[in-house]
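Fold and contact review
Letter by letter, the chains look like this.
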Amino acid sequence: MPQQPDSQAVKQYLLGLQESICSRLEALDEGASFIRDAWDRPEGGGGISRVITEGRVFEKGGVNFSHVMGDTMPASATAHRPHLAGAPWQAMGVSLVIHPNNPFVPTSHANVRFFIATPKGSEPVYWFGGGYDLTPYYGFEEDCVHWHQTARDACEPFGEGIYKRFKDWCDDYFYLKHRDEPRGVGGLFFDDHNTGDFEQDFGLMKAVGDSYIEAYEPIVRRRMDHPYGDRERDFQLYRRGRYVEFNLVYDRGTLFGLQSGGRTESILMSLPPLVRWDYNRTAEPGSEEARLTDYFLTGRDWLEAQHFAGTVKQFFERGGKGLNVTVPFKEEAWKLADRRTERAENAGAANTLYLDGDGVLVADNTDGCGIVRDLLINHGVTLNAARILVLGAGGAVRGVLGPILAERPGAITIANRTVAKAEALVELFTPVAGETRLSACGFEQPSEPFDLIINGTSASLQGDLPPLSPKVIAEKTVIYDMMYSLQTTTFNRWALEQGAQIVHDGLGMLVEQAAESFRIWRGVSPATGPVIDELRND
């Protein structure tokens, strides 16, 4: 017999969780306390809102318990469950958002919830959901690692792969599609969780709920007294705008609460007290503000990054001469090094590490060297005075721009979906551009043919295409996709359909950058032609 869901046990746990979290947060603030506001819902049920404001540590925070019910499931809850339409239901949960004063303390959000519906003539249908996520304004790796390590430890007793699945779900859910960026550094998110074992499912929700404060409290203690000024406070208020946008546009809890006749004050408790929006604001390249989006808000696996340093150390302790690094560890390699070459500094990432004669760990970036050699030597492409269109503004493009500029092309246009990111690269590389004209634009804007088009986006890997005009291609335009595959890449296939006669993929770049790395480690430059031919024919 399947276990019957015990709604009363869930409710008692949630009330205790609310009290426990409020007590721990009050202890951190040393003076400010949560006010208690009990409320009733005319349609059925009610809740307890606990709110803290104007504390030394917390500018505003709310930890809400609600237990609401009704005769008919709201639209937001039946969209994927049409068989439950018209069924009486109950929903209960604890939801919290904490907005600190100090910009170096991240905002945090957590939620655990339980739904149960009883269709006429059928057994009750239940599901659990919840999770927590972290939204920093100034990132610290140790905070991200601790947050995710605590999350993984909470999930581990419930099965292999649970943390990874919930982590990926969190990254997907807390994503601002209209901004093309994550809300924060992620955590856990799950919904519709019902394995048929009520006690097991309830245990998972409790593990997530109990681990939130263990994940957040140490981070607050580390950062709450960090010095800050007007610049940091201004940036915090600006980034809070992203938080507001997500909650009002995408958040399921907000939509469910409003559609089910929930208490508006409690539903909108998640919004910060102060926020600002600036038109087309971009961070200064290389600044800590820029690093937030360039490094931290990238959906990375923080626990893999933690193990990366240990793997590198072990490799060199065993006598390794040098190693190559690929995504997603290029930035970790750059940061791990004691010294960086000029190429690595310009790229902001490293694809090779080695020990110099004094045992110092050095980071280099040979990607740009690889693409230039492939174009010049293997394909006979002229870069000097050429008009070049570069697609994308991520790490791959940043890594190759310096060496391409060294060949003195006539002009480089960087096109990207988010124009501000392309503009940031133009600003970063203008000091080393010499007489080369640098410009930035969106994908749709270029409308004249170029001598060379380099696709530095990962679109080909997903079978997608940047929305380019066919007018950028002439009969003699050289097309170069930095991606490679056994078949013609999606981007190169599209270029051929538009009349391009010369297309190349990035396999030669891969071999050439590896050869340059080998030369650095061993002092020998291997012949690359036979390697490329063998790979092509394999």
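Just above sits the structure.
Residues numbered from 1 in each chain as written. Predicted model: local features only at pLDDT ≥ 70, side-chain atom pairs only at ≥ 80, totals over all residues. Heavy atoms only, no water.

1. Looking at helix H1 (residues 7–29)
The condition that has to hold: The way it works is that DSSP assigns letters per residue, a run of H or I at least four long becomes a helix, a run of E at least two long becomes a strand, and they are numbered from the N terminus. Working rule for helices: expected span equals 1.5 Å times residues minus one. Per-residue accessibility, obtained with a 1.4 Å probe over protein chains only, is compared with the maximum for each type, and a residue is labelled buried under 20%, exposed over 50%, and partly exposed between these values. Between two residues, a contact is recorded if the distance between any of their heavy atoms is within 4.5 Å.
Here H1 contains 23 residues, and its C-alpha end-to-end distance of 33 Å stays within 8% of the 33 Å for a straight helix at 1.5 Å per residue. Looking at H1, one finds that the buried residues are Ser-7, Val-10, Tyr-13, Leu-14, Leu-17, Gln-18, Ile-21, Cys-22, Leu-25, Leu-28 and Asp-29. Looking at the buried positions of H1, the neighbouring elements they touch are strand S2 (45–53), strand S3 (58–70), strand S4 (89–100), strand S5 (107–117), strand S6 (125–135) and helix H5 (198–223). In the stretch just after H1, Glu-30 is the one whose phi turns positive, near 55°.

2. A closer look at unusual backbone geometry
One can expect most non-glycine residues to show negative phi and most peptide bonds to be in trans. In this structure, Asp-180 takes a positive phi of about 60° despite not being glycine. As for its placement among the helices and strands, Asp-180 is situated in the loop between strand S7 (175–176) and strand S8 (181–182). Positive phi is not limited to glycine here, since Ala-385 has a value of about 70°. Mapped onto the elements, Ala-385 comes out in the loop between helix H13 (367–378) and strand S14 (387–391). Judged by its relative accessible area of 52%, Ala-385 falls in the exposed class.

3. Regarding the sheet that holds strand S13 (residues 361–364)
Put simply, the test is: Being paired, for any two strands, means DSSP has found at least two bridges between them.
Taking strand neighbours across the sheet as the criterion, the four strands line up as S10-S12-S13-S11 in an open arrangement whose pairing is mixed. One side of each edge strand has no neighbouring strand; the edge strands of this open sheet are strand S10 (322–324) and strand S11 (339–340). Across two bridges, the pairing between S11 and S13 is parallel. Residue Arg-340 lies in a different strand from S13, and its bridge partner there is Ala-363.

4. Considerations on helix H16 (residues 490–497)
Three or more residues of H16 are buried, namely Thr-490, Phe-491, Asn-492, Trp-494 and Ala-495. Packing partners of the buried residues in H16 comprise S14, strand S17 (452–455), strand S18 (478–481) and strand S19 (502–504). Gly-499 sits one or two residues past H16 and shows a positive phi near 105°.

5. Brief notes about the pattern of salt bridges
Stated formally: Whenever Lys or Arg places a side-chain nitrogen within 4 Å of a carboxyl oxygen from Asp or Glu, that contact is recorded as a salt bridge.
Summed over the entire model, instances satisfying the criterion amount to 35 salt bridges. Residues Asp-225 and Arg-56 are paired through a salt bridge, measuring 3.1 Å at the closest nitrogen-oxygen approach. Here Arg-56 lies in the loop between S2 and S3 and Asp-225 lies in the loop between H5 and helix H6 (230–249), a separation of 169 residues in the sequence. The exposed category is assigned to Asp-225, whose relative accessible area is 56%. Its relative accessible area of 45% is what places Arg-56 among the partly exposed residues. Each of Arg-343, Asp-364, Arg-373, Glu-516 and Arg-519 takes part in a single network of salt bridges with overlapping partners.

6. Focus on the packing of aromatic side chains
The criterion, for reference: To pair, rings of Phe, Tyr and Trp, with the six-membered ring standing in for Trp, must have centres within 6.5 Å; the planes then decide the type, stacked if under 30 degrees apart, edge-to-face if over 60, and tilted in the middle. In our convention, an over-ring charge means Lys NZ or Arg CZ found within 6 Å of a ring centre and within 35 degrees of that ring's normal.
Under the definition given, this model contains 34 aromatic pairs. Pairing Tyr-126 with Phe-198 gives two aromatic rings, centres 5.5 Å apart and planes at 80°, and the pair type is edge-to-face. Here Tyr-126, found in strand S6, pairs with Phe-198, found in helix H5; they are 72 residues apart in sequence, far enough to count as distant. Accessibility assignment for this pair places Tyr-126 and Phe-198 in one class, buried. When the centroid spacing of 5.2 Å and the interplanar angle of 40° are considered together, the rings of Phe-174 and Phe-246 count as tilted. Remark: Phe-246 occurs in helix H6 and Phe-174 occurs in the loop between helix H4 (162–173) and S7; sequence separation between them is 72 residues. In terms of burial, Phe-174 and Phe-246 fall into one category: buried. Linked through ring pairs, Phe-166, Trp-169, Tyr-173, Phe-174, Phe-189, Phe-190, Phe-246 and Tyr-250 together constitute an aromatic cluster. Across from the ring centre of Tyr-295, 4.1 Å away, lies the NZ or CZ of Arg-300, which sits over that ring. When the ring centre of Trp-302 is taken as reference, the NZ or CZ atom of Arg-300 above it lies at 5.4 Å.

7. What about the packing of H13 against helix H14 (residues 395–406)?
The criterion, for reference: Note on geometry: axes are C-alpha line fits, over the in-contact stretch for helices, and angles between N-to-C directions span 0 to 180 degrees. Working definition: roughly parallel below 35 degrees, roughly antiparallel above 145 degrees, roughly perpendicular at 65 to 115 degrees, and oblique for all remaining angles. Should the near helix be turned counterclockwise from the far one by less than a right angle, the crossing is left-handed, whereas a clockwise turn marks it as right-handed.
Between H13 and H14, whose axes approach to 7 Å, the crossing angle comes to 55°. Between H13 and H14, the angle is such that the two are oblique. The element H13 and its partner H14 pack so that their crossing is right-handed. Residues Asp-367, Gly-368, Cys-369, Ile-371 and Val-372 of H13 form the contact with H14, whose participating residues are Gly-399, Val-400, Pro-403 and Ile-404.

8. Quick notes on a nonpolar patch on the surface
How we decide: Here a patch means residues that are over 30% exposed by relative accessible area and free of salt bridges, tied together within 9 Å if like-charged and within 5 Å if nonpolar (Val, Leu, Ile, Met, Phe, Trp, Tyr). All accessible-area figures derive from a Shrake-Rupley calculation using a 1.4 Å probe, and residue coverage is judged against the displayed protein chains alone.
On the surface, a nonpolar cluster with roughly 240 Å² of combined accessible area is contributed by Leu-248, Val-249 and Leu-268. By the element assignment, Leu-268 lies in the loop between helix H8 (264–267) and helix H9 (288–296). Exposure remark for Leu-268: the relative accessible area of 30% places this residue in the partly exposed category.

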